[in-house]
Amino acid sequence: MAGRAETFVEANGHEVRVSHPDKIVFPEPGLTKLDLVEYYLAVADGALRGAGGRPMVLKRFVKGIDKEAFFQKRVPENHPDFIDTVTLHYRRGTSAEEAVVRDAAGLAWIVNLGCLDLNPHAVRAEDLDHPDELRVDLDPMPGVGWSQIVDVAYVAQEVLQERGLAGWPKTSGSRGLHILVRIEPRWEFKDVRLAAEALAREVENRAPGLATARWWKEERGESVFVDFNQNAKDRTVASAYSVRPLPDARVSTPLTWSEVRTARPEEFTVATVLERYAAIGDPHEGLDDEVGVLDGLLDLAAELGPAERAPRGSGSGSGDGRRVSTMPLIEIARTETKPEAMAALEEWKAKHPDAADKLSPADVLVDGMRGSSSIWYRVRVNLQHVPEDERPPQEELLVDYDPWAGKTWPGAPAS
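Residue indices begin from 1 for each chain and proceed along its sequence in written order. In keeping with the model being predicted, local features are shown solely for residues with a pLDDT of at least 70 and side-chain atom pairs are shown and tallied solely at 80 or more, while totals for entire chains, interfaces and linings include all residues. Water and hydrogen atoms play no part in the side-chain values, which are based on all heavy atoms of the structure.

As for the packing of helix α1 (residues 33–42) against helix α3 (residues 104–112)
The relative placement of two packed helices is expressed as an angle between their axes plus a distance between the axes.
Point 1. Axis lines are fitted to C-alpha atoms, over the contacting stretch for helices. Their N-to-C directions set the angle, which ranges from 0 to 180 degrees. Each helix is a run of DSSP H or I of at least 4 residues and each strand a run of E of at least 2, with the numbering of both proceeding from the N terminus. At a closest axis distance of 9 Å, the pairing of α1 and α3 adopts a crossing angle of 155°. As far as their axial angle goes, α3 and α1 are roughly antiparallel. In the crossing of α1 with α3, the sense of the turn from one axis to the other is right-handed. Here α1 contributes Lys33, Leu36, Val37, Tyr40 and Leu41 to the contact with α3, which in turn contributes Ala104, Leu107, Ala108, Val111 and Asn112. Should an angle lie under 35 degrees it is considered roughly parallel, over 145 roughly antiparallel, and from 65 to 115 roughly perpendicular; all remaining angles are considered oblique. It is the rotation of the near helix from the far one that decides the hand of a crossing: anticlockwise by less than a right angle makes it left-handed, clockwise makes it right-handed. Contacts between residues were defined by any pair of non-hydrogen atoms, one from each residue, lying within 4.5 Å.

Right, here's the structure in full:
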């Protein structure tokens, strides 16, 4: 039997249209599009605490969770009156009028567009130049377990407390953990990023081998990357109560610090979070009441001194100013989708089995790279654990996808 063409939900005095409400979005738990709309309405207060009043990039999964999403910065022209907008100016010279969601009706509307997770900027619509949130993203490298992430989280909490700041933990909805820090909107992005970098460096100093502040992925080893660059201008992260595009409909879930040690990311799905929210409400309810200042972390940045910068090609004879890795990296493929990336990796491993056997999990670098409106994938291998005389050479890429082909906006890479 064919599903309904549309239905309507009531939210904040508005009737919001939901097209194809019976469409299955998550086959494993059997969640429909309408189920997702109703989920966001049920957790609206918590979701809006993280995403409300902020410009938002729309990450739309119009072809399903097993296909790549596309990123839409510009709000659709036919948006309803209850969706506010602001114009953001990006570093590469472009601008976009982005959506600002302020109530549950806005949440229902963006879910109807095919958005699963919420991706707000760290600024409020009323002040686009001064973030009011510092974001600590604990990103585990391959081979790193949850207990190591937790250990690093508690070190980060210790540093924040010493510097007069309150951190609020939540699962990322994937493998990692986020810590949110409300701050007064007095500092520019560069200062917030500097403060976050100082935090990351101090966490690495206190937990060597467990945590790293090294920006270049091949240099991190099996550690937790304290990703300070999520505080750069133009960056967004999945906010609280976001549904992530994993088969089990996993949710980025706010936690108390007492829960962090025993919680597991896979416990928090649309179904379980609905029960949890009904039972205990939002553990981050007091988030906006603990607003701090960055003075302590900026003092720490001064104490630590300038961060070590990666060597660049201009100092090594290449002349193009690009960074030159100190690791023996080879690139295998550039692909449009992750399945293509993994297939290329397996093809390379089959061609070079002896080298492949010597790789550690952290030596395989499959990176999602932001393109013009979607993610593409770069596949590299760090041969640091392969004896020098056994290392395969750099070969022609198995797949050479160009995400910039035909793009002509200011600052786009040359094709």
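Next comes the rest of the description.
A word on the pairing of strand β7 (residues 84–89)
Point 1. Two strands are counted as paired when DSSP detects at least two bridges linking them. Relative to strand β8 (residues 95–100), β7 is paired through 6 bridges, and the arrangement is antiparallel. Its bridge partner lying in β8, aspartate 84 is registered against valine 100.
Point 2. Two successive antiparallel strands, β7 and β8, enclose a turn made up of 5 residues, where glycine 93 displays a positive phi of approximately 100°.

Details of the packing of aromatic side chains
Point 1. When two rings of Phe, Tyr or Trp (its six-membered ring) have centres within 6.5 Å they constitute a pair, described as stacked for plane angles under 30 degrees, edge-to-face for angles over 60, and tilted for the intermediate range. Inspection of every chain in the model, using the stated rule, returns 4 aromatic pairs.
Point 2. Relative to tyrosine 40, the ring of tyrosine 39 has its centre 5.0 Å away and its plane inclined at 70°; by these criteria the two rings are edge-to-face.
Point 3. When the centroid spacing of 5.5 Å and the interplanar angle of 45° are considered together, the rings of tyrosine 154 and tryptophan 257 count as tilted. Residue tyrosine 154 is located in helix α4 (residues 146–162), and its partner tryptophan 257 is located in helix α6 (residues 257–260); the two are separated by 103 residues in the primary sequence.
Point 4. Throughout, exposure labels follow a simple rule: accessible area from a 1.4 Å probe, protein chains only, divided by the maximum for the residue type, with under 20% read as buried, over 50% as exposed, and the rest as partly exposed. Assessed through its relative accessible area of 24%, tyrosine 154 is described here as partly exposed.
Point 5. Among the residues examined, tryptophan 257 registers a relative accessible area of 16% and is labelled buried.
Point 6. Sitting over a ring, as applied to charges here, requires NZ of Lys or CZ of Arg to be within 6 Å of the ring centre and within 35 degrees of the ring normal. Lysine 73 extends its terminal NZ or CZ atom over the ring of tyrosine 90, reaching a point 3.9 Å from the ring centre.
Point 7. A cation over an aromatic ring shows up here: arginine 220 above the ring of phenylalanine 225, its NZ or CZ 3.7 Å from the ring centre.

Regarding the confidence of the model for the protein chain
Point 1. A score between 0 and 100, pLDDT records how confident the predictor is in each residue. Within the protein chain, residue pLDDT values average 90, and 93% of them lie at 70 or more.
Point 2. For the stretch residues 313–321, pLDDT sits under 50, and the model shows 11 contacts to residues farther than four places along the chain or on other chains.

Brief notes about the side chain of aspartate 367
Point 1. Turning to its location among the elements, aspartate 367 is positioned in strand β16 (residues 364–370).
Point 2. Aspartate 367 gets classed as buried once you look at its relative accessible area, which sits at 9%.
Point 3. In protein, a polar contact requires one atom able to donate a hydrogen and another able to accept it; more generally it is a pair of N or O atoms within 3.5 Å, and residues adjacent in sequence count only if both atoms are side-chain atoms. Within the local environment of aspartate 367, its side chain forms a polar contact with the side chain of arginine 380, the two groups lying 3.0 Å apart.
Point 4. Contact partners of aspartate 367, with chain neighbours within four places excluded, come to Lys217, Trp376, Tyr377, Arg378 and Arg380.

Digging into the packing of α1 against helix α7 (residues 270–280)
Point 1. In the contact formed by α1 and α7, the axes pass within 10 Å of each other and the chain directions differ by 25°. Accordingly, the angle class assigned to the pair α1 and α7 is roughly parallel. As for how α1 packs across α7, the hand of that crossing is left-handed. Residues Leu36, Tyr39 and Ala42 of α1 form the contact with α7, whose own contacting residues are Val270, Val273, Leu274 and Tyr277.
Point 2. Tallied by class, the residues present in the contact of α1 with α7 amount to 7 nonpolar, no polar and no charged. Three residue categories are used. Nonpolar comprises Ala, Val, Leu, Ile, Met, Phe, Trp, Tyr, Cys and Pro, charged comprises Asp, Glu, Lys and Arg, and polar comprises the others, including Gly.

So, α7
Point 1. Val270, Val273, Arg276 and Tyr277 are the residues of α7 that are buried. On an axial view of α7, the arc spanned by its buried residues comes to 125°, and they lie on one face. For α7, the exposed residues lying more than 90 degrees away from the buried face are Glu275, Ala278 and Ala279.
Point 2. Those residues of α7 that are buried lie in contact with β4 (31–32), α1, α2 (44–51) and α6.
Point 3. Backbone geometry just after α7 places glycine 281 at a positive phi near 75°. By definition, the arc is the one covered by directions from the helix axis to the C-beta atoms.

Here we look at a negative patch on the surface
Point 1. Residues Asp45, Glu285, Asp289 and Glu290 make up a contiguous surface patch of negative charge.
Point 2. If you trace the backbone, glutamate 285 turns up in the loop between α7 and α8 (295–304).
Point 3. For glutamate 285, a relative accessible area of 57% puts it in the exposed group. Each patch is built from salt-bridge-free residues with over 30% relative accessible area, joining like charges within 9 Å and nonpolar side chains (Val, Leu, Ile, Met, Phe, Trp, Tyr) within 5 Å. Residue-level accessible areas treat just the shown protein chains as cover; the underlying method is Shrake-Rupley with a 1.4 Å probe. Only one rule defines a salt bridge in this text: a Lys or Arg side-chain nitrogen within 4 Å of an Asp or Glu carboxyl oxygen. Counted as positive: Lys and Arg. Counted as negative: Asp and Glu, with His and the chain ends omitted from the count. To locate a charge, take NZ of a lysine, CZ of an arginine, CG of an aspartate or CD of a glutamate.

Details of the sheet that holds strand β17 (residues 375–382)
Point 1. If you walk across this open sheet you meet the 4 strands as β16-β17-β15-β18, and the pairing is mixed. Taken across any chain shown, the strands that pair with only one partner, and hence form the sheet edges, are β16 and β18 (399–400).
Point 2. As defined by bridge partners, β16 adjoins β17 across 7 bridges and the pair is classed as antiparallel. Within β17, the residue paired with methionine 369 across the bridge is tryptophan 376.
Point 3. Taken strand by strand, helix α9 (residues 338–351) contacts β15 (329–335), β16 and β17, and its axis lies near 140° from that of β15.

Points about the pattern of salt bridges
Point 1. A full pass over the atoms with the stated rule returns 31 salt bridges.
Point 2. Ionic pairing is found between arginine 135 and glutamate 133, a salt bridge with its closest N-O pair at 2.7 Å.
Point 3. A residue is classified by how much of its surface remains accessible, and arginine 135, at 3% relative accessible area, is buried.
Point 4. Using a relative accessible area of 3% as the deciding quantity, one classes glutamate 133 as buried.
Point 5. One salt bridge connects aspartate 288 with arginine 182, and the closest N-O pair in it is separated by 2.7 Å. Within this pair, whereas aspartate 288 is found in the loop between α7 and α8, its partner arginine 182 is found in strand β12 (residues 177–182), the two being separated by 106 residues in sequence.

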